[in-house]
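# Structural description and commentary
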Amino acid sequence: MILSKESIMSLRINDTAPDFVAETTQGTIKFHEWIGDSWAILFSHPKDFTPVCTTELGYMAGLEPEFKKRNVKIIGLSVDPVSSHGKWAADIEETQGHKVTYPMIGDPELKIAKLYGMLPADSGSTSEGRTPADNATVRNVFVIGPDKKIKLILIYPMSTGRNFDEVLRVIDALQLNAKHKVSTPVNWKPGGDIIIPGTMSDAEAKEKFPGGWKTPKPYLRIAPQPK
């Protein structure tokens, strides 16, 4: 079986997030320009008026102020036209108690879902007639840095609601790494101890952590979180 180059390409961490122009509930955007100097979360949905996604979009709307504090923009994508998104947003506010104020991308021709590897190239060119099950793989979360590089990719099944508190925690860890070049251990939360990465020499570590660090193993150096 011979696969085309397009059919085997996939996005990975540290790849540049593909740029695109799209219609959203807040007008036309060029994705990289829209991100600007911010961080961004692009999270996708297989279809409008789906129950699990309704709860997710509402929760993200409630959590948006926390992301704004961290200079993170939120944008949703659903494989349906923008006109449908507006009607869905009313249901989301009614049932979840939060108004969706971030933009939602319309992708009725499936172009962005394909561009980001969430649907195969042979999925057709229209959302019409497609069921949520047909688009079940459009359930990704992409965290993108100001450098337009992909920092995190999460993929969830349709039956399982996403944990956006975890995405917020990961943003804190990613931004700490970007500022101080440190790593974070399992279940890290802001204020907790960090790990000095192997790429940092002891001499560099002494400058950054004058109070020293714990070394349970030569490869494991644990220090307080930098201020």
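Read on for a plain summary of the structure. All figures in this text were calculated on a predicted structure; none of them were measured in a lab. (Residues numbered from 1 in each chain as written. Predicted model: local features only at pLDDT ≥ 70, side-chain atom pairs only at ≥ 80, totals over all residues. Heavy atoms only, no water.)

All right, on to the nonpolar core then. Counting 25 residues, the largest nonpolar core has Ile41, Phe43, Met60, Phe67, Tyr102 and Val143 as its most contacted members. If you list the elements that add at least two residues to this core, you get β3 (39-45), α3 (51-69), β4 (72-78), α4 (82-96), β6 (140-144) and α6 (164-180). Filtering out sequence-adjacent residues up to four positions away, valine 143 remains in contact with Trp39, Ala40, Ile41, Lys149, Ile150, Lys151, Leu152, Val167, Ile171 and Leu174. Within the second largest apolar cluster, 23 residues are counted, among which are Ile35, Met118, Phe142 and Ile150. (Core = buried A, V, L, I, M, F, W, Y, C linked by side-chain atoms within 4.5 Å. Buried < 20%, exposed > 50% of the residue type's maximum accessible area, 1.4 Å probe, protein only. Helix = DSSP H or I, 4+ residues; strand = E, 2+ residues; numbered from the N terminus. Contact = heavy atoms within 4.5 Å.)

Another point: the packing of α3 against α6. Between α3 and α6, the shortest axis-to-axis distance is 10 Å and the interhelical angle comes to 30 degrees. Comparing their axes, α6 and α3 come out roughly parallel. The crossing of α3 and α6 is right-handed. Between α3, through Glu56, Tyr59, Met60, Leu63, Glu66 and Phe67, and α6, the contact on the second element is made entirely by Phe164, Asp165, Val167, Leu168 and Ile171. Considering only residue class, the contact of α3 with α6 consists of eight nonpolar, no polar and three charged. (Axes fitted to C-alpha atoms, helices over the stretch in contact; angles between N-to-C directions. Parallel < 35°, antiparallel > 145°, perpendicular 65-115°, else oblique. Left-handed = near helix turned anticlockwise from the far one by under 90°. Nonpolar A, V, L, I, M, F, W, Y, C, P; charged D, E, K, R; others polar.)

Attention now moves to the packing of aromatic side chains. According to the stated counting rule, one finds seven aromatic pairs in the structure shown. Centre to centre, the rings of phenylalanine 20 and tyrosine 116 are 6.1 Å apart; their planes meet at 80 degrees, and the pair counts as edge-to-face. Here phenylalanine 20 is found in the loop between α1 (5-8) and β1 (21-24), whereas its partner tyrosine 116 is found in the loop between α5 (111-115) and β6, with 96 residues between them in sequence. With relative accessibility at 2%, the residue tyrosine 116 sits in the buried group. Chaining the aromatic ring pairs together yields one cluster made of Phe20, Phe31, Trp34, Tyr116 and Phe142. Stacked on the ring of tryptophan 34, the Lys or Arg lysine 73 has its end atom at 5.3 Å from the ring centre. (Phe/Tyr/Trp six-rings, centres within 6.5 Å; stacked < 30°, edge-to-face > 60°. Lys NZ or Arg CZ within 6 Å of the ring centre and 35° of its normal.)

On to unusual backbone geometry, then. Its identity as a non-glycine residue notwithstanding, asparagine 14 has a phi of 80 degrees, on the positive side. Position of asparagine 14 among the secondary structure elements: in the loop between α1 and β1. Accessibility expressed as a relative area gives 52% for asparagine 14, which makes it exposed. Here the phi dihedral of asparagine 187 falls at roughly 60 degrees; this positive angle occurs in a residue that is not glycine.

What follows concerns the environment of threonine 126. Mapped onto the secondary structure, threonine 126 falls in the loop between α5 and β6. When its relative accessible area of 36% is taken as the criterion, threonine 126 is described as partly exposed. Setting aside anything within four residues of it in sequence, one finds threonine 126 in contact with Pro108, Glu109 and Leu110. Of the polar contacts made by the side chain of threonine 126, one reaches the backbone nitrogen of glutamate 128; its length is 3.1 Å. (Polar contact = N/O pair within 3.5 Å; in protein donor to acceptor, adjacent residues only side chain to side chain.)

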